[in-house]
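Here are the chains, one letter per residue:
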Amino acid sequence: MADTGRTQRTENLLSALGRTADGGHYLFGHHDDTVYGTGWVSDYTNDSAVHQRSDVRSVCGDFPALLSFDLGHLELGDSANLDGVPFSRMRREIIAHFDRGGVVTLSWHLNNPLSGGTSWVADSLRQTEGQTVAAVLDGGSQHDKFVSWLDRVAAFLNSLETPYGVRVPVIFRPWHEHTGSWFWWGQQHCTADEYKALWRLTADRLRQQGVVNALYAYSPGTEADADSTRYMERYPGDDIIDLLGLDCYCSAPDGDTVKIAAYKDRLDRNLATVCRLAKAHSKVAALTETGYEGLRRPDWWTQALAAVLGRHPVSYVLVWRNAHDKPGHFFAPYPGQLSSSDFVGFYNDPATLFLKDLNGMYSPPPAAHPQPLPKGGE
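Below or above, wherever it landed, is the structure these notes cover. Residue numbering note: each chain is counted from 1, following its sequence as written. The model is predicted, so local features are restricted to residues of pLDDT at least 70 and side-chain atom pairs to those at 80 or more, both for listing and for counting; the totals for chains, interfaces and linings are taken over all residues. Water and hydrogen atoms play no part in the side-chain values, which are based on all heavy atoms of the structure.

On to unusual backbone geometry, then. Here H73, not a glycine, exhibits a phi torsion of approximately 90°, which is positive. In this description a helix means any DSSP run of H or I spanning at least four residues, a strand means any run of E spanning at least two, and both kinds are numbered starting from the N terminus. Relative to the helices and strands, H73 resides in the loop between β4 (66–70) and α3 (87–99).

Time to look at helix α8 (residues 257–280). Multiplying 1.5 Å by the helix residue count minus one yields the expected span of that helix. Compared with the 34 Å implied by 1.5 Å per residue over 24 residues, the 35 Å span of α8 between its first and last C-alpha is a close match. Exposure classes here rest on a 1.4 Å probe applied to the protein chains alone. A residue is buried below 20% of its type maximum, exposed above 50%, and partly exposed in between. Taken together, the buried positions of α8 are I260, Y263, L267, D268, N270, L271, T273, V274, C275, L277 and A278. Where α8 is buried, its residues meet α7 (228–231), β8 (243–250), β9 (284–292) and α9 (300–309). N-cap assignment for α8: the residue whose side-chain oxygen lies 2.9 Å from the backbone N of V258 is D256. By definition in these notes, contact holds between two residues if any of their heavy atoms fall within 4.5 Å. Under the rule applied, a polar contact is a pair of N or O atoms within 3.5 Å (in protein, one hydrogen donor and one hydrogen acceptor; residues adjacent in sequence only if both atoms are side-chain atoms).

Our next topic: helix α6 (residues 192–208). In this model, α6 (17 residues) spans 24 Å end to end at C-alpha, consistent with the 24 Å of a helix rising 1.5 Å per residue. For α6, the full list of buried residues reads A192, Y195, L198, W199, L201, T202, A203 and L206. Considering only its buried residues, α6 is in contact with α4 (132–136), α5 (143–158), β6 (170–173) and β7 (214–218). Directly beyond the C-terminal end of α6, a positive phi value near 85° is found at G210.

One speaks of a salt bridge when a side-chain nitrogen belonging to Lys or Arg is within 4 Å of a carboxyl oxygen belonging to Asp or Glu. In this structure the tally under the stated criterion is 15 salt bridges. In this structure, the salt-bridge partner of D47 is R92, at a minimum N-O distance of 3.1 Å. Of this pair, D47 sits in the loop between β3 (40–41) and α2 (55–60) while R92 sits in helix α3, and the two are 45 residues apart along the sequence. Overall, D47 belongs to the partly exposed group, its relative accessible area being 48%. Among the residues examined, R92 registers a relative accessible area of 30% and is labelled partly exposed. Taking the shortest distance from any N to any O, the salt bridge between R297 and D299 comes out at 3.7 Å. On the accessibility criterion, D299 (25% relative accessible area) is partly exposed.

Below is the structure:
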């Protein structure tokens, strides 16, 4: 255990992420990468299928350095998450990725405890808008229910332990994109103080339940538009947060050059603010979600994404999922996809880190601090 009360490996993960960003590298991540992809879904009953298939690996011959999964529906006691991934399989994938030297981040699209709807306000009962966050805080009508939901998250995080007794460190990223208002915890549905209290309740309860392997990421959207004051308006505090993030998507369904340029400008402007604030608060910066649905430009990876990331010290970039059941809903290439050749160029960029590049730097013995391997190293 470290002085912070977290495991030393968890602190090592945070330090390694900082060194990665300072060294001009960033991890590449993909949501649900090893459980399904474009046109396929893993056999969840077959343990030999764990950490075997990946659209990213099929294109570049390597897994992402960072895997992302979502805990939505864990709070309900369901056996599978909102996208049908069994939590038992998710646990095995997380441990397998850690054993191979990778990093894991977890989001949480939890249901609305007051209305019974989903995370998305449009799917919730309208009369609960502006009431849910207040209802889950201390003294609220849904407080006890919500605390029981947090306890289920804590139990899952505590269960992420290897057969040799190591608790797997993860980056936990709840309450994301709060600067928009599409989630029940969003800008128009609670006050700044209520949002901060929601974060504090979450972190305090997980710690009370013995969670010692979680880093916490704060990830607004681009609604603040590079305004430092707006970005930090609902920041819960340096004693809670470890990473300052940004969620920023490319909207160019027709591949229009002007729209791609607008994305690059917005991303560049907002990352400059995030990285500046991260340095001021001694935090690690990350592009916690991005992507271009459908990847309609063949050179998006090198000429849009990498072109901007090369200007900012971010520790990782995460693109969203490749849905197996929604044609066109994909954010990483698959074999033969329009941008697959450019993605190989992105993979070969010395700045990008995939699983083979990590060289044990994210799951080493506590005293070891290896460096990324040159591209092509094993």
